[in-house]
Structure formats: C-alpha cells, structure tokens
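Structural overview for review
Letter by letter, the chains look like this.
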Amino acid sequence: MTITSTPPEVRPARRVVRTVLLALLVLPGLVWALLRLLGAERGYVVQLFAFTPYVAAWAWIPVILALAARKWLVAAVAAIAGVLLAACVLPRALPDADRGPSDGAPLTVMTINMYIGQADPAAVVALVREHDVAVLAVQEFTTAAGHGLTAAGLDALLPYHALAGDEALGTTGSGLYSRHPISGSGSERGAGGNLQAYAMIHPPGAAALSVESAHPLAPYAKSVLGLWKEDLDREPGKNILLGDFNSTLDHAPVRDLIRRGYRDAADATGKGLLATWGPFAGRPIPPVTLDHVLVDKRIGVREVSVEPVRLSDHRAVIAELSVPRS
C-alpha cells in the first residue's frame, strides 16, 4: 500500500487561495457598509440598497467561515463590516426611548398603495373600520378605485376627501380620506409625475394638521434617479407625511428628509423592519420596507402595524398617533 501526502510546497499555495477567496467574500459586505455609512449609493446600487437588511444578515457568514478557517485578520475585517451594517439596521427593530409626546389627542392614520387602483376596496374599508382609522392616504389611486371604495362604504366612515385620481398611467393618482373636516385641499405633481393629495385636517379637540399622501417616483431605472431624489428632496414640510416613498431607511435622501424634523413611526416603535412591499407579481424578490408614516416631532407615536391588503402588492401601514391638543 502506497501512502501519498500533499507536497509541502502545495500547502502554502492552498492556504493563500483560501485566504484570497475569503477576502473576496468579505469585500462586498465591507464596500456595502462603507457606502451605506457615507450615503454614497449611486446608479443601480440605489435599487440594491433596499435590500440592505438582508446584506446585514449575510455579512456574518464570512465571519463564521473565516473563524472556522482560522484566518483571524480576515475574520476581524468581516466582523467590522457586520457590525457596521448591524448598527445601521438593528435599531429599527428596537423601540425608541423617545416616541414623542404621549399626552395628546389620539389619531389613527393609514396608508396603502392601491396597485394601479386594483386593491380590493372591501379589504381597505375593513382595515379602516377594524383599526378606527381617522385619516387614510392612498397612492396609485384611480377614479374607478374611488368608486369601489365608496361602494364598499368608505364614505360613511371617512366622509371628507381630497382626491386626485389619474387615469393616464394608473400609477400617479393620490388621495386623502378623513373622518374630520378638511380645508385647503389640493394636489401637487412631483418631478417624477406622481400626484400627491394634501389637506389641512381639523380633528376635534386637537390642533389642525397638515397632511400629505406622499408618492415619490420609484428609482426603477438609472435614468430616473435624479427625479426620484428630487421628489424626495422636495417633499413639503407637513405635520404628517405618509405613503409609498419608494425608498427604505437605507436610502440617504429619506434619511435627509427625516432629519428635517420628522420621526418614522415604524422605526420609533421597533417595527421598522416589517416589509411593506413584495414579492412583486410572484417574482422571487425579497420583501422590503417602502411605505412610511413620517410625523413631526410634536406628534407622538403609540403603535404601528402592517397589514396585508388583497390584490395590492403593498401592505397597509397603520399608525396610532398622539397629536397636539388645541
């Protein structure tokens, strides 16, 4: 019987190959973490950044492999990438110590993207009734969707409207429904073409609130990234901005918007990783958090839930708020 062994000169070569392969495995997570920290996403990376929470979880795989291979330096670098990404993502799963004032008047708001007006109106109205919603924002709103919501009984629950249905594309319409009287209603069209309905809402016993149904253009192609960013940069200063922002908290323009004096309701309550969009049309796309309720710092957040809506590719975001008393 002949026993063969690996020639001594081959062993260092194998170790070098393993080290290089592990380093290549670490590199994407490290670059991703640096781009995220710097807010430097550009081009097609903008779309990919919606999946940062998944990358944050994956980033620990190279750490485990490097430790198993006893590649201490590689493991240390991989751990740095993992920690940086975790620091960006994990706070969304933890309730904030400061959710804003808690002694105000209660007000529940909800937002839902109607998916080109195709969302089941009965399902939307059922959520409004079940959660005692006082203000509803809708995106991708069409006139036909409005008729469906009326037929399902929404007008009896939320009789005041600011509607801007758009039939040309089906994705650009917007609307606000309110239980309480409204004034100064209208809509504005963003740089990307989407309408955003707005109004001043007057809850009894509370200060009047400026509310807008937000719907910046989606960054669906490299050629529209400028319009996407412009829409987010131009979002008006309202008491409540809620809708489909086509962005997650890993996108720098949304973080810049929040720094202008808002708090993200889901983030404040530890629900910031609950996905609100996807999978799309049965495609194997991991779900992400594109829909948000942003409130100014005078408004407190009590609770947030995310609910599915039949025939919509988005989920409804429902936020129980504490608004300033009059």
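The following paragraphs examine the structure supplied in this document. (Residues numbered from 1 in each chain as written. Predicted model: local features only at pLDDT ≥ 70, side-chain atom pairs only at ≥ 80, totals over all residues. Heavy atoms only, no water.)

1. So, the sheet that holds strand S12 (residues 315-323)
Taken in spatial order, the six strands line up as S3-S4-S2-S1-S12-S11 in an open sheet, and their pairing is mixed. On the outer flanks of this sheet lie strand S3 (160-164) and strand S11 (300-308), each paired with one strand and no other. Here the average twist between neighbouring strands, direction ignored, is 15 degrees. For strand S1 (residues 105-113) and S12, the ladder comprises seven bridges, and the chain directions are antiparallel. Of the residues in S12, the one forming a bridge with Thr108 is Glu320. Its contacts with the sheet put helix H6 (residues 121-130) on S1, strand S2 (135-139), S11 and S12, and the angle it makes with S1 is roughly 165 degrees. (Pairing = 2+ DSSP bridges. Helix = DSSP H or I, 4+ residues; strand = E, 2+ residues; numbered from the N terminus. Axes fitted to C-alpha atoms, helices over the stretch in contact; angles between N-to-C directions. Contact = heavy atoms within 4.5 Å.)

2. Regarding a nonpolar patch on the surface
Among the surface-exposed residues, Val16, Val17, Val20, Leu21, Leu24, Leu27 and Val31 lie close enough to one another that they form a single nonpolar patch of about 620 Å² accessible area. Along the chain, Leu27 falls in helix H1 (residues 10-38). Given a relative accessible area of 45%, Leu27 falls into the partly exposed group. (Patch = residues over 30% accessible without salt bridge, like charges linked within 9 Å, V, L, I, M, F, W, Y side chains within 5 Å. Areas by Shrake-Rupley, 256 points an atom, 1.4 Å probe, with all protein chains shown as cover. Salt bridge = Lys/Arg side-chain N within 4 Å of Asp/Glu carboxyl O. Buried < 20%, exposed > 50% of the residue type's maximum accessible area, 1.4 Å probe, protein only.)

3. Observations regarding the nonpolar core
Residues Val109, Ile240, Val293 and Leu321 are the most contacted members of the largest nonpolar core, which totals 27 residues. Sorting elements by how many residues they give to this core places S12 first, with four residues. By size, the runner-up hydrophobic cluster in this structure holds 21 residues, among which are Ala123, Leu136, Ala145 and Leu158. (Core = buried A, V, L, I, M, F, W, Y, C linked by side-chain atoms within 4.5 Å.)

4. Points about the sheet that holds strand S5 (residues 182-189)
On the basis of which strands lie adjacent, the open sheet formed by six strands has the order S5-S6-S7-S8-S10-S9 and mixed pairing. At either end of the open sheet lies a strand with only one pairing partner, and these are S5 and strand S9 (262-264). Strand after strand, the sheet turns through a mean of 20 degrees between neighbouring axes, direction not considered. Judged from the three bridges that link them, S9 and strand S10 (residues 291-296) form a sheet pairing that is antiparallel. Residue Tyr262 lies in a different strand from S10, and its bridge partner there is Asp296.

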